[in-house]
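# Commentary on secondary and tertiary structure
What follows is each chain in one-letter form.
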Amino acid sequence: MIGQASIGVFDSGVGGLSVLRAIRAQLPDVPVTYLGDQGHVPYGPRPLEEVRDFSEEITRFLLSRGAKLIVVACNTASAAALEHLRRTFPDVPFVGMEPAVKPAAEQTKSGVVGVLATPATFQGVLYASVVERFAQGVTVLQDTCPGLVGQIEKGALEAPETESILRAALMPMLEKHIDTVVLGCTHYPFVIPLIERIAGENVRVIDPAPAVARQTGRLFVSRGLRPPARANESVTVYTTAAADSMKNLLPLLLGEPGAVRELRWVQGRLTE
Ligand code: DGL
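Structure report, in brief. On a predicted model such as this, the values are computed, not experimentally measured, just so you know.

## Concerning the overall build of the protein chain
Each helix and strand counted, the protein chain has eleven helices and 14 strands in total. For 272 residues, the compact-globule formula gives about 19 Å, and the C-alpha radius of gyration of the protein chain, at 18 Å, lands near that figure. With respect to the three principal axes, the spread of C-alpha positions in the protein chain is 50 × 35 × 35 Å. The burial tally for the protein chain puts 55% of its 272 residues in the buried class. Across the protein chain, the fraction of contacts at a sequence separation of at least 24, relative to all contacts at a separation of at least 6, is 77%. Accessible surface for the protein chain amounts to roughly 11,900 Å². Of this, 50% is attributable to carbon and sulfur atoms. Of the charged side chains in the protein chain, 26 are positive and 28 negative, and the gap between their average positions amounts to 6 Å.

## Quick word on the packing of aromatic side chains
A full pass over the atoms with the stated rule returns five aromatic pairs. With a centroid separation of 5.6 Å and an interplanar angle of 50 degrees, the aromatic rings of Phe54 and Trp265 are classed as tilted. With Phe54 in helix α2 (residues 48-64) and Trp265 in strand β13 (residues 264-266), this pair connects stretches of sequence that are 211 residues apart. Measuring from centroid to centroid gives 4.9 Å for Phe122 and Tyr127, while their planes differ by 75 degrees, and the two rings are edge-to-face. In this structure, Phe122 and Tyr127 share a single accessibility class: buried.

## What to know about the environment of Glu50
Locating Glu50 in the fold gives a position in helix α2. Each C-alpha atom, one on Glu50 and one on Met171, is 33 Å from the other, the two residues being 121 residues apart in sequence.

## Observations concerning the sheet that holds strand β4 (residues 67-72)
The six strands lie next to each other as β5-β4-β2-β3-β11-β12, forming an open sheet whose pairing is parallel. Taken across any chain shown, the strands that pair with only one partner, and hence form the sheet edges, are β5 (94-95) and β12 (260-262). With five bridges joining them, strand β2 (residues 6-11) and β4 adopt parallel strand pairing. Counterpart to Gly8 in the pairing with β4 is Ile70. Strand contacts of helix α1 (residues 17-26): β2, β3 (32-36), β4 and β11 (235-239), with the helix running at about 170 degrees to β3, the strand carrying the most contacts. The strands touched by helix α3 (residues 75-88) are β2, β4 and β5; relative to β4, the strand with the most contacts, the crossing angle is about 145 degrees.

## Re empty space enclosed by the protein
Under the definition given, this model contains one cavity of 30 Å³ or more. Together, 13 residues line the largest cavity, and Ser12, Thr76, Thr118, Cys185 and His187 are the ones closest to its centre. For the lining of the largest cavity, the residue count by class is five nonpolar, seven polar and one charged.

## Looking at the pairing of β4
For β4, a buried count of five out of six residues is recorded, marking the element as mostly surrounded by other parts of the structure. Pairing analysis gives two bridges linking β4 to β5, with the strands arranged parallel. Note on β5: the bridge partner recorded for Ile70 is Phe94.

## Observations regarding the site of the ligand
Lining the immediate environment of the ligand, one finds 14 residues, of which Ser12, Tyr43, Asn75, Thr76 and His187 sit closest. Here Asn75 contributes a backbone N or O atom positioned 2.7 Å from an oxygen atom of the ligand. Here the ligand loses 99% of its free accessible area of 300 Å² to cover by the protein chains. Mapping the ligand onto the cavity grids shows that it belongs to the largest cavity. Tallied by class, residues from the shell around the ligand come to six nonpolar, seven polar and one charged.

Cut-offs applied
Residues numbered from 1 in each chain as written. Predicted model: local features only at pLDDT ≥ 70, side-chain atom pairs only at ≥ 80, totals over all residues. Heavy atoms only, no water. Helix = DSSP H or I, 4+ residues; strand = E, 2+ residues; numbered from the N terminus. Rg over C-alpha atoms; globule rule 2.2 N^0.38 Å. Buried < 20%, exposed > 50% of the residue type's maximum accessible area, 1.4 Å probe, protein only. Contact = heavy atoms within 4.5 Å. Areas by Shrake-Rupley, 256 points an atom, 1.4 Å probe, with all protein chains shown as cover. Lys, Arg positive; Asp, Glu negative; His and termini not counted. Charge placed at Lys NZ, Arg CZ, Asp CG, Glu CD. Phe/Tyr/Trp six-rings, centres within 6.5 Å; stacked < 30°, edge-to-face > 60°. Pairing = 2+ DSSP bridges. Axes fitted to C-alpha atoms, helices over the stretch in contact; angles between N-to-C directions. 1 Å grid on protein atoms, 1.4 Å probe; cavity = no way out; pocket = protein on both sides within 12 Å on 5 of 7 lines; lining within 4 Å. Points joined across faces, edges and corners; volume = space filled by probe spheres on them. Nonpolar A, V, L, I, M, F, W, Y, C, P; charged D, E, K, R; others polar. Near = heavy atom within 4 Å. Polar contact = N/O pair within 3.5 Å; in protein donor to acceptor, adjacent residues only side chain to side chain. Sits in = over half its atoms within 2 Å of the grid points.

So this is what it looks like as structure tokens:
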């Protein structure tokens, strides 16, 4: 596993672009292949086994396109599949997401923190284990923000409906005096301005993307990987739905335009 390498990043849709944005800032010379499984978004309400199967095939696809390190830029897929992927591809380094309950529990003054994530993430053993290990003595409130992923997939970052979903999640938490909100879904950093407007300046919002990008950089270097001398395209984006929506959202969500290629699921396999 020594030599020139690209990074594979995936999510159910556009959410992982919040992580990709941070990876681009951290490792600007490393080419990245991004896959948004928009044909299946949202992952959150799906059974963990189904998300695990999607994640395995997506990983296979990214490896076939030259990725040497995989970032599971999706809390739901990490909850459903990270352990399975590490067992199935033992030579491949993986970086996954877990809700940032640890820094929240360390920083809270009120002793009450809120976590926003999908139903599948809350069901997974990963979440139960971070709460058990790191949140002793802290009250952890949870909300699944139904419909929020769909709004962000549409690019409706400031729409009234987006605001009412967030208000419904945050107001009961604010009444219980949360001072920290953990973003446990990679779609949610795109609505941080709205969350901050609703929650006010005394509530800290934790976006794990920069820490995940730093971990990706450390792993990339420690595995002896290096970017190719001449990369043709620095970001290659695939979607499993029609390309237009992803293409239109790239400048807004990633901060750079790019070509988007379409993939299809055929009997559990991805084909171009
Ligand atoms: N962005 C995802 C996450 O981090 C998945 C959202 C969804 O598809 O439900 O959990």
